Amino acid sequence: MQLIKEAFEKLYPNKVFNYSVKIKYTARFKPYNANVRYTKNNLEFSLSRQWKHISKDIVIGLIQSLLLKVFNDKKQTINIDLYNYFIRNLHISIPKQKSDPTLESSFNRVNKEYFYNIVEIPNLEWGSNSKRKLGSYDYHTDTISISRIFIDAEPELLDYLMYHEMLHKKLKFNNKDNRSYHHTREFKEKEKEFNNYKEMDKKIKMLIRKSKYKEFLNQFSW
């Protein structure tokens, strides 16, 4: 509890700390995830178990980031900077235990053509059959996930999605006033460097429409 009090007082040195607080570490979260619940004067922090073994100064930055969300405030502290630096470089220590031959081939093609083979291979996995969340990069687990609707897609479409997520891995994010910016100007400019990117966008929209139509027809099959 002292940790929360210290984080608050460093964030708001002129305010009195008069909250009832609780902090728990749970295995229910993905690595290095956390959240906070605020009801009346009670603050309850839930952190993944990995945070137990991380430097106090970094954890204070995490707690301060959560406090700012609770209070809808904008501030920047040394501890928050340390926390963001830690997240940006977390990929270095994450075990690489997930892979898939199709995704790995795509990663290697894109890495060679657009990144001079300098991007370290992350965990690679197929996600759900989502038509909204086509791909994602998780900083906390160093994992690129691609929607399963692209399992049988032509290689250049898969490579385009892979390129987008690899940009997230390489460029990370900018942080200002406790807000993280992922699709920065630099990111958007880099995204346009993919060969025939406009044509790729059109083909992806067409594939999504076909997938939705196929799903609709499957409702009436027996």
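Scroll up for the structure.
Everything numeric in this text was worked out from a predicted model, so none of it was measured.

Definitions and cut-offs
Residues numbered from 1 in each chain as written. Predicted model: local features only at pLDDT ≥ 70, side-chain atom pairs only at ≥ 80, totals over all residues. Heavy atoms only, no water. Buried < 20%, exposed > 50% of the residue type's maximum accessible area, 1.4 Å probe, protein only. Helix = DSSP H or I, 4+ residues; strand = E, 2+ residues; numbered from the N terminus. Pairing = 2+ DSSP bridges. Axes fitted to C-alpha atoms, helices over the stretch in contact; angles between N-to-C directions. Contact = heavy atoms within 4.5 Å. Arc of directions from axis to C-beta. Salt bridge = Lys/Arg side-chain N within 4 Å of Asp/Glu carboxyl O. Polar contact = N/O pair within 3.5 Å; in protein donor to acceptor, adjacent residues only side chain to side chain. Phe/Tyr/Trp six-rings, centres within 6.5 Å; stacked < 30°, edge-to-face > 60°. Lys NZ or Arg CZ within 6 Å of the ring centre and 35° of its normal.

## Some thoughts on the pairing of strand β3 (residues 42-48)
Part 1 of the argument: For β3, a buried count of 5 out of 7 residues is recorded, marking the element as mostly surrounded by other parts of the structure.
Part 2 of the argument: In this structure, strand β1 (residues 20-26) lies alongside β3, joined through 7 bridges in parallel fashion. Within β3, the residue paired with V21 across the bridge is L43.
Part 3 of the argument: Pairing analysis gives 6 bridges linking strand β2 (residues 34-39) to β3, with the strands arranged antiparallel. Looking at the pairing, N35 lines up with S46 of β3.
Part 4 of the argument: Linking β2 to β3, which pair antiparallel, is a turn of 2 residues; within it K40 sits at a positive phi near 55°.

## Side note on the sheet that holds strand β4 (residues 123-126)
Part 1 of the argument: Taken in spatial order, the 3 strands line up as β4-β6-β5 in an open sheet, and their pairing is mixed. Pairing within the sheet leaves two strands with one partner each, and these edge strands are β4 and β5 (135-138). Averaged over neighbouring strand pairs, the angle between their axes works out to 15° when direction is ignored.
Part 2 of the argument: Across the sheet, helix α4 (residues 101-114) touches β4 and β6 (143-146), and the angle it forms with β4 is around 125°.
Part 3 of the argument: Against the sheet, helix α5 (residues 155-171) touches β4, β5 and β6, its axis set at about 150° to β6.

## Some details on the environment of E165
Part 1 of the argument: Take E165: it is sitting in helix α5.
Part 2 of the argument: Residue class for E165 comes out buried when judged on its relative accessible area of 4%.
Part 3 of the argument: Taking the C-alpha atoms as reference, E165 lies 15 Å from I204; in sequence the two are 39 residues apart.
Part 4 of the argument: With residues near it in sequence (within four places) discarded, E165 still touches G135, S136, Y137, I144 and I146.

## A few points about helix α3 (residues 78-88)
Part 1 of the argument: Listed in full, the buried residues belonging to α3 are N79, I80, Y83, N84, F86 and I87. Seen along its axis, α3 keeps its buried residues to an arc of 155°; they face one direction. Exposed and facing more than 90 degrees away from the buried side of α3 are I78 and Y85.
Part 2 of the argument: The inward-facing, buried residues of α3 abut α1 (2-11), α2 (56-70) and β7 (174-176).

## Topic: the pattern of salt bridges
Part 1 of the argument: Within the structure shown, the criterion is met by 11 salt bridges.
Part 2 of the argument: The salt bridge involving K98 is made with E125; its shortest N-O contact spans 3.2 Å. Placement of K98 in the loop between α3 and α4 and of E125 in strand β4 is noted, with a sequence separation of 27 residues between them.
Part 3 of the argument: For K98, a relative accessible area of 45% corresponds to the partly exposed category.
Part 4 of the argument: Classification of E125 by relative accessible area gives partly exposed; the value is 27%.
Part 5 of the argument: Connected via shared salt-bridge partners are K96, E120, D142 and K169.

## With respect to the environment of D138
Part 1 of the argument: With respect to the helices and strands, the residue D138 is situated in strand β5.
Part 2 of the argument: Taking relative accessible area as the criterion, D138 reaches 17% and is therefore assigned buried.
Part 3 of the argument: Beyond its immediate sequence surroundings of up to four residues, D138 is in contact with K30 and T143.
Part 4 of the argument: Only 2.8 Å separates the side chain of D138 from the backbone nitrogen of H140, close enough to count as a polar contact.

## Things to note about the packing of aromatic side chains
Part 1 of the argument: The full count for this structure, using the stated rule, is 20 aromatic pairs.
Part 2 of the argument: Here Y114 and F194 contribute two aromatic rings whose centre-to-centre distance is 5.0 Å and whose plane-to-plane angle is 20°, an arrangement assigned as stacked. Within this pair, whereas Y114 is found in helix α4, its partner F194 is found in the loop between α6 (185-191) and α7 (197-218), the two being separated by 80 residues in sequence.
Part 3 of the argument: Look at F194 and you get buried, because its relative accessible area is 6%.
Part 4 of the argument: A ring pair is formed by F115 and Y163, whose centres lie 5.6 Å apart and whose planes are at 40°; its orientation type is tilted. On the criterion of sequence distance, the pair formed by F115 in the loop between α4 and β4 and Y163 in helix α5 is long-range, its members being 48 residues apart. Here the two residues F115 and Y163 agree in accessibility, since each one is buried.
Part 5 of the argument: Through successive ring pairs, a cluster of aromatic residues spans F8, Y12, F17, Y19, Y38 and F71.
Part 6 of the argument: Geometry around Y12 places K15 over its ring, the cationic atom sitting 4.4 Å from the centre.

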